[in-house]
Structures are given as C-alpha cells and as structure tokens.
Amino acid sequence: MKTIPDKDILLFKSCLVNVEYPGVESSACYIFDKVGVEYYVDKRQSCCTGLGHYYDLFDQLSTTALAARNFHIAAKTNHKNIVTLCATCYAILKKTVKILNYNEDARNKVNTILDESGLPEMEYTQDDMDPSKNIFHIAEILFNKRDEISKYITVDLSEFKIATHHACHYCKVHYNDTIEGVREPNLMDGIVNAMGIDTIGWYDHKRVTCGAGFRQRFTNKEISLAVTSEKLEVLEDKNVEILLHMCPNCQMQFDRYQPYIEKKLGKKFNIFHLNITQYIALAMGADPYSVLGIQTHTVPIEPLLKRLKQKYDLKEDNRLKTLKSV
Amino acid sequence: MSKAQLNKNKSNLKIGVFLCRCGGNISDIIDMEKLRLSVKAEVIEEFENLCSINGRKIIRDNIIKKNLDRVVVAACSPITHEKTFQNYVSPLNPYLLEMANIREQCSWVNPDNITATEKAISIVNAAIEKVKYSQPLVPILRKTPNTAAVIGGGISGISASLSLARQGIETYLIEKEPTIGGSMVKVGKLFSPEKLAEECAMCLLNPLVNEAVQNKNINIITNTTLKSAERRAGNFNLLIENKARKVITDRCISCGNCAEVCPVEVKDSWNEGMTIRKAIYKPFSQAVPDVYTIDPENCKKCGKCQDVCRMDAIDLTMEDEIIPMTVGSVVIATGHKTFDMNKRPEYSYGRHKDILTQMELARVMGVNGPTKGELLKPSDGKVPQRVVMIQCVGSRDEKPGGRKYCSKVCCMVAIKHANVIKQHYPDTDVIIGYTDMRTPGMYEKYFKYAQSNEVRLIRGRPGEIEEKDGIFIVRLEDTLSKEPLEIETDLVVLSTAMEPSEGTVDVSNILDVGLTEELFVKEKHSKIKPVATEVEGIYVCGTAQGPKDITDSIVQANAASAKVSELINGGVELEPFVANIDNSKCNLCKKCIDVCKYKAAFIQDNMLSVDPVACVGCGACLWECENNAIEIIGQTDEQILSMITGMLKDKKPDETRIIAFLDSVGYVSADNIGINKINVPSSIRIIKIPSMNRIMPKHLLHAFNMGADGIIMGEYPYNPMYSKTKEKVNGLKQELIKNNINPDRLAFYKVYIPYFRGLANKFNKFNNQIIELGKIGSKIDS
Amino acid sequence: MKTIKLDKNPLKLVKDVLNDLKASPDLGIYKCVQCGMCASICPGASQTEYDPRDMIRRVLENDETIIDDETIWDCFSCYTCNSICPSGNNASEVNQILRQMSIEKGEGAQKIKDFCAYGDSFMEMGIGSIPNEFFNVMVKDVGNKYMDLKVNIEDIRTDLGLGNYILPKESTDEIEAILDNSGFKVRLEKIKRCKK
Ligand code: SF4
Ligand code: SF4
Ligand code: SF4
Ligand code: SF4
Ligand code: SF4
Ligand code: SF4
C-alpha cells in the first residue's frame, strides 16, 4: 500500500469547487484542522486546465507547462504533496508528472516555454515530483485518517441509507495508484465504515461514470443525462438517501440535474448529494451553512438536517433573501 | 602415474608436441619448419594426418619410448578431435593432453603466412605452458540413491509415483490433504475428443489409486506437508510434517458413526463449499486412505465421536509429527488452484448463489456432488433455462490481479460441460461468451460436436454481470455484429484461470527451485528440458509447472519419472572441471553458497562442500571467496596465467596482441569463423574459459603486463550466471583504471553460436579501436 | 469488397497515435484482441453508435477516416475501458489522440469551437469557466437559483471563510505568457476562426 502524507500538503484549489461547491474546500479545511493534517493553500496556483483539457480545447503541452508552474509553487513553498479536491485535477496532475519525468523531449519543450515566458526558475528537472508519492486525492488523505476522523464524530448519520459514487478520474485513469479498488471502488465506503456506518456497498452501475462526460453534458445533454438517470434509478430502487461524491464535477451532474431528470421521468428521487468532505464535516458537527456550504446545493439538504436530532438553524427558506437577487 | 612423477619440477617435465599438417589445411599457410624450431619440448613430431590410426601410433610410441609426461597436439579444434586424441594418449591420463587449435582459429582465419605462423607459435606455447600444470583426473560418476519423494498427490503425483515404483524406485507420495486424488476426483467427467464422449473421471483414476495403494514401493503419506529440505551431495534430506489425523488409520473401518454424532457442521471444500460436512469426515466415499479424519480447526473436542467409535480408533490427543527422510530425487507435483474471484468483483461471484465457477458446476453435475448429478440451481433447486459460460475469467488479463497467460484447459472444460448439459437437458440454452475458442489438435472435433449439440457461441468478453429482479444480466459486446448486448440468464458459469497453488510456491521456496514471473515452477529450459528444474535432481510435472490438462500432466509425470530413473540407473559421467575447496582456508562465510545459482555449494558437518554433479565450474564463487579457498580444477590460476604467458611471451615490440577469453559457446562460434574462412585480425589470441566469471583482475593485469594491448571477454547471455558476469565487468574496468590502464582496452561481448559473423566483426572493430588507442602503456593509459 | 492494398506504411496511423505526446509509454494498442470488453461497459457505446473496440480496429487497420468519424466525439472520457482492458490498451487515450488529430488537421475544430470561451477565461484569469451559451442552458435547466448562486458566490465564499479565488495579477501574467509561448493562444485563435 502506498504511503499517504499528512503534512507538507498543498491543498490544490479546484475551479469547480471554487464556484460551485466552495463548501467542499471549507469542509476539507475543517476536517484537516480537526485531525491534524498540515496543509497550505496558495493563491497563485492556477487551475489544472481539467475541463478545458477534456473539452479537447487544451493541448497536452500547454496543460503540462501550466502543471510545471504549479509544481514549482508546491516545491518553493515546501508543500510538495499536492492534494486535490477534484478527481480531474488528480488525474491531470499525475499524467503531467509522468510526462515530465519520462519524456525528455516534452520536458525540454516545457522548460523552453518557461524560459521564453521569463520564468526560468520554474524549469522542471526530471523526478522533481513523483507521480505516486506527491499527487493525492483528498479522499485518500481522509481514508488514511479514518480512525482519527471517527474519534470526532458527534452527529449520528446512521439512519440514512448511503451509497458512494467514486470518481472515474480517480479510480480508472492511473489505476495502478488507486487504493481500495478499481473494479469495485470502496475508498469512500471504507471511510464511512470507519465512522461506524454501513453503506449499501456494491450496486449495479457502481463504477459507471456520472455521465457528465465533459463535452457531453453540454453538446449531448440527452445521452449524458441518460447515463445519470440509469444510475439514479438503481439507487432509487435500493432506497438510497445519500449519494456521496468525491469530485465536484460528478456532484454537479447529480445535484444540479436531479430535479431536471425527475421532471423528465416524472418521478422523484429522494437522494441527497454530499461530498465526502461535507459528509464528514457534518458528522463532526460542523455548521451546514458556514462550513458545508449547503446553500450552494440544488437538491436542498435542509430536509436531511431536519431529520437529524441535532438542532440546526435552518435558513433554507430565507436563503434567497440573504442572497442578492437578480 | 606415480606421485613422484606428478611432483616433478614443472620445467623437468617431458613434453611431447605433435604438429599436424592436416593435409595442407594447416601446412599450406603455416611455416611448419619455423613453428617446429620455435617450440621447446622433449619431442616434436610432425605428421600429415595426426587423427589417423598412424598418427595414433606415432603419439603412443613416443609416449612409451620417450617416457613423456605431457602431450600437446597442435591441430584442429578440440571440439573436433579432443576425444580422439584423449584416446590416443593412453596409457597417459587423458587430462594430460592439451590441444593447440592452429586450424580453425589460426590457419583458416589468417591467410598471411608470416602472421599466421607467429600466431601458431603462441597458440602452441600457450598449450605447452598450460599442460605443465595439468593433473591426471577421473571423470565424475554420479550415483543417485534409489529413492524419490513426490510432493503432491493429484493425478500428476500419482502417475509419477506409479511410474517410479514400477521401475523399482522407492517412492514417498506426500499429500497435504487427508486423501490423494487432487482436482481430478472433483471434475466428475473427462472429455475424450476421439470418442466425442465424456468419461467418468473417478473410474479412470480409481485403478491408478488402487495400484498406488497396493504397490509396495509407494508410501502414501497424507495430511502432510514439506517443512524443510537440505541438499547433500546428490541427496535431499527432507523434513515433513504430518498433521495429526486424530484417527488411528489401522483401526478405523470407515463406518461413519462418528460423523453422524459430530455436532460441528462446516462447508465441505470437496464440494466447493456447496454442501456441509462434519468436523470428523472423509472427503468422499472412495477416498484413499479409506479412513476418517478430524479437522482440528473446527473440532470442539467434545468427545462424542470417541464415545460411538466401536473400534476405539479416535485419539483426540494425537499430535502433529515431524518426520525426517532422505531421498535421491524430488518430483514437484503440487498442482494449481483456481482464480480468486475477489479480483474481478464486477462478475458478482459470491454475491449470488447461481454464479458458479466451472469447478463448482463440475461438482453440481458430479453424481457424488450436492445434487447427485442433477443440474439444479443452488438458489432454488430448479433446472436453469439458460446457462451462460464466460471464458478467460482472470486469464489473458494484464490488469492488476489478472493472469497474463491462457489457462489452456478452460475452453475444453466449458465445451465439456456444455455438451453434458445439452445431452441431459436439451431444453436448457447454453451460450459461451468467448474471445477465442482454443481447441487445438483433436479437441477441435469435440468443439464441432458441441456446436452440433446446439451449444451457442457469442464472441465477446463480458464487462459485468448484474442481477435485476432475480435474473442475471450479462453485459457484453457481440463483437461480430458490433452490438452491445445484455444477455438474460438464470445461471452463470465462469471459466476461471488456473493459478499456481500455495503449495507450489511454498515447496519451491523450501527446495530453492526457481519460479516463473507467474509463480509456477520454472523449468530449466522450456523447450529441451521441460521437466528439469534449476536444481539437479528436482523435477516438476503437472500444473505446478503451468496450466495443462490431465493428458499433458500424465505425460509430464512420466517424463519426470524417466529423468529420475536416468539419474539412478545411468550414473552419468561428467567432466571433472568443478570447484575444489581447500577446507583449511575456508572460514565458512557462505558467500560462495549465496552466489552460486546452480546451488552446488553447501555446508555439511561444518565443512564447505561442492556437489560435483551440480557445479559447472563457472568460477563465480572464486570471486566471492576472500580466503582463496576455492580453485577450479582444470582452470587453476596457474593454468590461466601460464596460458596468457604462452600467448604473449614472444610478442614483438611493434606487434598488437589481443587476448580473447571466450566461453564454450564463444569458442564454438570462433571455430565457425574458421570453418567459414572469414578473416580475423592476426592480433587475436583466443583462450577458452568456461565462464567469464572465472576471469579475475589478476588475470587481466598479468595479460597487460605481458604486453597484451587489449582484452575481449565473450559470454553466452542465456546462462544462469550471466547477470553476475555483467556486474563483474564493471568491477574489472574499475580495477584497470586503478592500475592506470584505459578501461576501453577491455571489451565485453555477448556471444552466440550462429552469430559467428558478428563475432568476427567485433574482433575487427575492437582491433581497430585498440590500434587507435595505441600500444599498451602509451600516454592514454595514465 | 475492401482491399488491403500493398502499402509502404500500413501501420502509419497506429504509429502516429503512439508517437503522440498524450500516448502513455505502455499504451498497448497493438495488443488489442478485439474482445469487446471495453465496449461492453462503455457508456458511449450503450447510448450512441460509438464503439471503442471498433475504433481501435480501424486505427490498427490504418483507416484514417476514423479521425473525422463523428462517433469519436461520443466518448465520455470516463476511462472505464482503460481500467479493465485485459490487453493493456487504453481506448480512452486513443480517442483523445484521434480527436486532437481531427482538431489539427480535420474537421474537429468545429466540434470544440463552442468551448473557446473557456480558453479565453483561462488566458485572462488562470481559471476556466463554463462558456456563456452553455451556462444559459444550465440556468434554464437548473433554475434561477443557479443564477443567484453565481451572483452571490463571493459572499458565500466569505461566509465560508474562504479567500478570493481570483489569482493575483503577476500570476495571470505568467499564465498568459506560458500559454502564449506554448502555442495555445494561436491554437485558440485558429479554433475560433474555423467554419462550422
Ligand atoms: S473413526 Fe471409528 S466411528 Fe469413525 S469411521 Fe472410523 S471406525 Fe467408524
Ligand atoms: S470431538 Fe470433534 S470430531 Fe469428534 S464429535 Fe466432537 S467436534 Fe466432532
Ligand atoms: S483456454 Fe480458452 S478460456 Fe481458458 S484462458 Fe485460454 S482462451 Fe481463455
Ligand atoms: S564454480 Fe560456479 S557452479 Fe561451481 S560452485 Fe562455484 S559458482 Fe557454483
Ligand atoms: S481495447 Fe482492450 S477491451 Fe477493447 S477490444 Fe481491445 S483488448 Fe478488448
Ligand atoms: S472512456 Fe470513452 S471509450 Fe472508454 S468507456 Fe468511457 S466513454 Fe467508453
């Protein structure tokens, strides 16, 4: 099993977390602070190009050059262990490290680009980063700290039937580095189990994509959502109430589009969508609004909170009032 | 030869040198007169054809008349006629003859009269120098005791034991389970491609098992595993551990009363866990030995069985026992296990009762299985409407946990089961999802037979199996119609991969035999030595060596037993050029033991010994030994150094000379250069050395001191010690640097017999390189 | 009938794919046994005419029409094929390389033209964003609350104790320079100019 760090971590900002589910980042920080994971966030860090890369808009060389810049930031700040909140960042960064290490020609090209951009200090030297020892997904860090996490659980979430949706770009791209199962992913199930809660485990379509398919959500909406619906229907058959996510893009696909799919199919899925970080933070008693950021969700989380014995100051109904309306 | 003669001062030795003209092959190029004049010896004779009967007369007469101590024959390659001349020198010991190869490696590769003659002189000189240090030797005769251990009591082990026993070899058949028979007793039916029919496995196996029981040369030892093994001069000292059966074999009459009262129920592994047995049990009715066994993991020691046993056969206090034994040979027949389906969770095996492996299906359809031979679904006891079989599960799969190889039997097993189903349940639809159907040879007929039995085939490898409302969905692409399919079915059968059993890995580790990348036992050579392992005296057969069917397992078992019997009866005669230990110098550091890939060195009674049968005389151990306690007979330091001296002592100041140390493959390759009359630079002087591992810094430094300008080392890469050699060359280069010699003066090449042209090219290239570097000792070296 | 013509370079397309910067060193395209396992679990194959196995076959057969075949745009880049291919092949990666070939020399540019705004935003801010027209569709599908969220994102982030996610000026300058020198800028302009 690979060694997973708990310090010298550059918490890698994700563009989708930033503007869609910022609560994922605040929840991550909340958990890290509790269980003693040392991390750092750098405002100079750029997006990995992820979505653009998989829209086929970015070429591999440009993505790699930008990655070299981010690796430089990680190294310079002595936080070489990059931990991503998003599965696409994870896969992209790993891939770029591999290219920079084995492909001398590409490395030289990237270094030339950096030189020409007046950034010679950012040049990448072979093996500056190790794809297996420096690039992690946050779920791996949480899995590694699962016993520690379980000590801080104050809110009982065991009444909900839970299933997990493991991000494709974590499990299936660099499968030799994936922990807790590629063909039957159980990374998040393992975390939840350590918290003393059962998940439904395997279900049909467990490893199937969320359906976003990058361009597909926008250019092929019908087939994209068909994939999402199939999964939702299996989960509904199993009476799943919470689907856990580890990637903001998957979370968007399910959370933003569940009501739309419900309307199309004329049925109701009673499934809440939470990121694994949000779920853990909630179980640790974090505030749903100021830590989990549930006000950015499309499928409201308030009904879930209402069922908890814990008292919450539910702002669901006046949420919009607190927001500027357009 | 008397001791006195042997100890005679080397310079007083009477040496006879016999020069062969080889019908002009040698004398047309080489100035024989000059050669004769430059050689110093007691006798120098020249003859047209030394290998003829007349040549023999000349050699023998001289030996007797002139009382010669040593003989050098300067003629063709030793590969051609060394044996002939070894006969001709009698009454002299054959190992006191040395050949100087002045034909293949001189006259045939050097058309220039002057340089060829110079070269011939140095080749003859080297032989003279070497032969001074030769000693009379006798070939090694290997005698192996008439006993063997066969580890594993499946069809391979039983067949090997029977064959050994029938040849009069005392055989111990060691099996870890309480009964022998292995997988074959479970499979129920066997396919017979010729008859296009299935036969009863038990009916074929039973007579063999009975014979094994009755043959007094076979000792069947069940419930027993190998614990440790030591190799002692061709013998193996084994320690085996006998797990307490807790039933006294001689008393138990197999009435089964005990099992009736035993309160403990466990899954019966003999039926692949589909039925229940008790803690005291007999795996199946025809089990051999025919007695009950207590499974200590599950027994609660309640004593109920003891109370009902009328034979007083049960002894709950019986303890495990360690038994030592010594045997001459070992046959590994530890078999295989089946693929762990946890590694392919998408096939939902274990989540649903009606997803089976082929082995489980065999039990279901076995007359002595859980349904007494009826094809009934484990979940509800109904006959399935459809059976979907999936091929290559875990086989031909590069992904983590998968097996890259083809398991070889599963296509036939699937067809067999499909045929059986179709015969008895014509209304059950059978579909085989496959990538390739591999039915070589006669099996193709059986495959056609299945097709005409209405077995259906869909070409595609399923990605997953799911259950939906009590029905299984097999998802695959019909690759021939380019259509993603969902096949509904109520029974799924997985053709799972064959994997090496834990026993195979454990036993190999204990015996120190090599394993393949896939952890099967590695054969010495997959083509020409298919049942030998890297360790002399240990053989392998059956699925321990790789996936194979019953026929092939039996063939291999018989081959293994033939090899054991060769060792015992043949008493192989081997060349005596092996490592020799000076025990007064050895401090038992064991470094030589660690380095020897042939596992020839061992410690016995606090003394280091070398098994002369296993040792190939490669010399790798010499490097490791800091106490100079090892020498290689026939390749002692004196001999190597004197050959170098002989090759170089008459070197002229303006001449370039290169010493080429070649192993036996390289030497044959160099002969081939001559046979094909390809020219090589006159500077090249070849010295044959069994393995480049023998070459040490002192040899190289001596050569450079004597005036060599360059040194070549050539070794065949497919020998077990090759990796060591490569490491060593770097060390040698470092030594040269330390001694102010340019490391480029040493070249290391791979050699192969058929690539003699390549070797000739390398000689040429290196020669040019050396000429460019200049003479040894020039500026560039310091 | 199709003829396998005598051809100096019958494996040109595979070789081009393998030589691409994206291609992993162990990309096992030659080892494909056409088992269809990839297609059996491929969401693209189950929903559309796309077939990863057949795409690989056509690459191996040097059928360059695959580059401009519409179906390759139906892959979800989910890498499921990669995670199970028993032969060590990676259809997903091959697909992405073919798309790049199509963008560079074929009709692919028009397929991604609508995503250019993402590139613009990246050049400007070091962060990509959903192109406007897609965003509008999302607002329509998801509802106005989604629009509200976007408008209030800064405040929400402040509530969550998160800093500004906009990169400092030096950083965006660096990124722009890198993307200029890497050829991305030119590439983006070229894509924008292509005719639909
Ligand atoms: S142990 Fe005793 S009771 Fe059991 S089978 Fe043997 S003889 Fe019968
Ligand atoms: S002593 Fe053990 S084997 Fe005998 S009846 Fe009791 S549990 Fe069964
Ligand atoms: S024998 Fe047939 S089923 Fe078995 S691995 Fe080989 S091809 Fe696959
Ligand atoms: S000479 Fe070679 S084979 Fe013989 S004992 Fe030494 S290392 Fe082993
Ligand atoms: S790419 Fe892999 S899974 Fe797909 S057809 Fe080829 S070998 Fe099978
Ligand atoms: S990555 Fe593309 S080809 Fe592969 S399974 Fe997903 S959709 Fe299919």
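Predicted model, so just to flag it, every value in this text is computed and none were measured. (Residues numbered from 1 in each chain as written. Chains lettered and ligands numbered in written order. Predicted model: local features only at pLDDT ≥ 70, side-chain atom pairs only at ≥ 80, totals over all residues. Heavy atoms only, no water.)

Peer 1: Describe the pattern of salt bridges, with residues and values.
Peer 2: A pair can form between side chains of opposite charge whenever their charged atoms are brought close. Under the criterion given, the structure shown has 87 salt bridges over all chains. Measuring nitrogen to oxygen at the nearest pair gives 3.3 Å for the salt bridge that ties A:Arg256 to A:Asp255. Residues A:Arg256 and A:Asp255 agree in their burial class; the two are buried. The structure contains a network of salt bridges with shared partners spanning B:Glu477, B:Lys482, C:Lys2, C:Asp51, C:Arg53, C:Asp54, C:Arg57 and C:Glu61. (Salt bridge = Lys/Arg side-chain N within 4 Å of Asp/Glu carboxyl O. Buried < 20%, exposed > 50% of the residue type's maximum accessible area, 1.4 Å probe, protein only.)

Peer 1: Outline the state of the cysteines, supporting the account with residue identities and numerical values.
Peer 2: Residue and element names in this part refer to chain B. Following the criterion strictly, the structure yields one disulfide over all chains and no others. One disulfide in the model links Cys-200 with Cys-203; its S-S distance is 2.4 Å. Looking down the S-S bond of the Cys-200 and Cys-203 bridge, the torsion is 85°, so its handedness is right-handed. The partly exposed category is assigned to Cys-200, whose relative accessible area is 30%. (Disulfide = S-S within 2.5 Å.)

Peer 1: I'd like a description of the domain arrangement of chain B, backed by residues and values.
Peer 2: Residues and elements named next belong to chain B. Domain boundaries assigned for chain B yield domain 1 (1–137), domain 2 (144–243 + 320–335 + 501–570), domain 3 (244–319), domain 4 (346–497) and domain 5 (574–632). Averaged C-alpha coordinates put domain 2 and domain 3 at centres separated by 27 Å. Opposite the 15 residues of domain 2 that make contact, domain 3 presents 15 residues. Across the interface of domain 2 and domain 3, roughly 1,300 Å² is buried in total on both sides, 56% from carbon and sulfur atoms. For the interface between domain 2 and domain 3, the tally reads one salt bridge. As a salt-bridge pair, Lys-186 and Glu-272 come within 3.2 Å of each other at their nearest N and O atoms. Where domain 2 packs against domain 3, one counts eight residue pairs in polar contact (both at pLDDT 80 or more). The element contributing the most residues to the side of domain 2 that touches domain 3 is helix α8 (residues 201–214), with four residues. (Domains from an automatic or database assignment. Contact = heavy atoms within 4.5 Å. Buried area = accessible area lost by both parts, 1.4 Å probe. Polar contact = N/O pair within 3.5 Å; in protein donor to acceptor, adjacent residues only side chain to side chain. Helix = DSSP H or I, 4+ residues; strand = E, 2+ residues; numbered from the N terminus.)

Peer 1: Could you give an account of the interface of chain A and chain C, with specific residues and numbers?
Peer 2: Across the boundary between the two partners, chain A contributes 82 residues, which contact 72 residues of chain C. Both sides of the chain A and chain C interface together cover about 6,800 Å² of buried area, and 63% of this is carbon and sulfur. At the surface where chain A touches chain C, the tally comes to five salt bridges. One salt bridge connects A:Lys95 with C:Glu93, and the closest N-O pair in it is separated by 2.9 Å. The interface formed by chain A and chain C includes 31 residue pairs in polar contact (both at pLDDT 80 or more). Its residues assigned to classes, the side of chain A that touches chain C shows 36 nonpolar, 27 polar and 19 charged. (Nonpolar A, V, L, I, M, F, W, Y, C, P; charged D, E, K, R; others polar.)

Peer 1: Before we move on, can you summarise the pairing of strand β21 (residues 386–393) of chain B with the specific residues and values?
Peer 2: All names here are of chain B. Of all eight residues that make up β21, seven are buried, and the element is covered over most of its length. By the bridge criterion, five bridges tie β21 to strand β22 (residues 429–434) in an arrangement that is parallel. Residue pairing in the sheet places Met-389 in a bridge with Ile-432 of β22. Of the crossover connections in this fold, the one passing from β21 over helix α12 (residues 410–424) to the parallel β22 is right-handed. Here β21 runs beside strand β27 (residues 491–496); their pairing, made up of five bridges, is parallel. (Pairing = 2+ DSSP bridges. Right-handed = clockwise from strand over helix to strand, strands pointing away.)

Peer 1: How would you explain the interface of chain A and chain B if you had to name every residue and give the values?
Peer 2: As a measure of interface size, the accessible area lost when the parts come together is often cited. Counting residues at the interface gives nine residues for chain A, matched by 14 residues for chain B. Of the roughly 970 Å² buried at the junction of chain A and chain B (both faces included), carbon and sulfur atoms supply 46%. The largest share of the area that chain A buries against chain B comes from A:Arg183, A:Trp202 and A:Asp204, three residues that together contribute 59% of it. In this structure, the connection of chain A to chain B is made through four salt bridges. One salt bridge in this structure joins A:Asp204 and B:Arg475, with 2.9 Å as the shortest N-O distance. The interface formed by chain A and chain B includes seven residue pairs in polar contact (both at pLDDT 80 or more). When its residues are assigned to classes, the side of chain A that touches chain B shows three nonpolar, two polar and four charged.

Peer 1: Report on the environment of A:Met246, specifying residues and quantitative values.
Peer 2: If you trace the backbone, A:Met246 turns up in the loop between β6 (242–245) and α13 (248–265). The contact partners of A:Met246, leaving out residues within four places of it in the chain, are A:Leu85, A:Ala87, A:His137, A:Ala139, A:His165, A:His166, A:Ala167, A:Tyr170, A:Leu187, A:Met188, A:Asn275 and A:Ile276.

Peer 1: Just give me the short version of the site of ligand 1, but keep the residues and values in it.
Peer 2: Surrounding ligand 1, one finds B:Val247, B:Cys252, B:Ile253, B:Ser254, B:Cys255, B:Gly256, B:Cys258, B:Tyr292, B:Cys309, B:Met311 and B:Ile314. Split by residue class, the shell around ligand 1 holds nine nonpolar, two polar and no charged. (Near = heavy atom within 4 Å.)

Peer 1: Go over the sheet that holds strand β4 (residues 135–137) of chain A, please, and point to the residues and values.
Peer 2: All names here are of chain A. Spatial ordering of the open sheet is given by β2-β1-β3-β4, a layout of four strands whose pairing is parallel. With one partner strand each, in any of the chains shown, β2 (39–40) and β4 form the two edges of the open sheet. Looking at chain direction, strand β1 (residues 9–12) and β2 are connected through two bridges and run parallel. Across the sheet, residue Ile-9 finds its bridge partner in β2, namely Tyr-39.

Peer 1: Can you lay out the site of ligand 3 for me, pointing to particular residues and giving the numbers?
Peer 2: All names here are of chain B. Taken together, Gln-391, Cys-392, Ser-395, Arg-396, Cys-406, Ser-407, Lys-408, Val-409, Cys-410, Cys-411, Asp-436 and Arg-438 make up all the residues around ligand 3. Of all elements in the fold, only β21 and α12 reach the threshold of two or more residues within the shell around ligand 3. Split into classes, the residues belonging to the shell around ligand 3 amount to five nonpolar, three polar and four charged.

Peer 1: I'd like a description of the domain arrangement of chain A, backed by residues and values.
Peer 2: Residue and element names in this part refer to chain A. Domain parsing of chain A yields domain 1 (9–137) and domain 2 (156–320). Centre-to-centre separation of domain 1 and domain 2, based on C-alpha positions: 26 Å. At the interface, 30 residues of domain 1 touch 30 residues of domain 2. In terms of surface lost to domain 2, no three residues of domain 1 exceed Tyr-21, Tyr-30 and Tyr-55, which account for 25% of the buried area on that side. On the surface where domain 1 and domain 2 come into contact, there are two salt bridges. Across the salt bridge formed by Asp-177 and Lys-94, the nearest N and O atoms sit 2.7 Å from each other. Mapped by element, the contributors of at least two residues to the side of domain 1 that touches domain 2 are α1 (15–19), α2 (22–35), α3 (50–54) and α5 (87–102). Here the residues of the side of domain 1 that touches domain 2 sort into 18 nonpolar, seven polar and five charged.

Peer 1: Lay out helix α1 (residues 12–19) of chain C in plain terms, naming residues and giving numbers.
Peer 2: All names here are of chain C. For α1, the complete set of buried residues consists of Leu-13, Val-14 and Val-17. The buried residues of α1 occupy an angular sector of 100° when the element is viewed end-on, so they sit on one face. In this fold, the buried residues of α1 make contact with α4 (52–60) and α6 (91–105). (Arc of directions from axis to C-beta.)

Peer 1: Mind laying out the packing of α13(A) against helix α9 (residues 132–142) of chain C, listing which residues take part and the relevant values?
Peer 2: Across the interface, α13(A) lies against α9(C) with an axial gap of 8 Å and an inter-helix angle of 55°. Overall, the two elements α13(A) and α9(C) adopt an arrangement that is oblique. When α13(A) is examined against α9(C), the residues A:Met252, A:Arg256, A:Tyr257 and A:Tyr260 are found in contact with a partner set consisting of C:Met138, C:Asp141 and C:Val142. Of the residues contributing to the contact of α13(A) with α9(C), the split by class is five nonpolar, no polar and two charged. (Axes fitted to C-alpha atoms, helices over the stretch in contact; angles between N-to-C directions. Parallel < 35°, antiparallel > 145°, perpendicular 65-115°, else oblique.)

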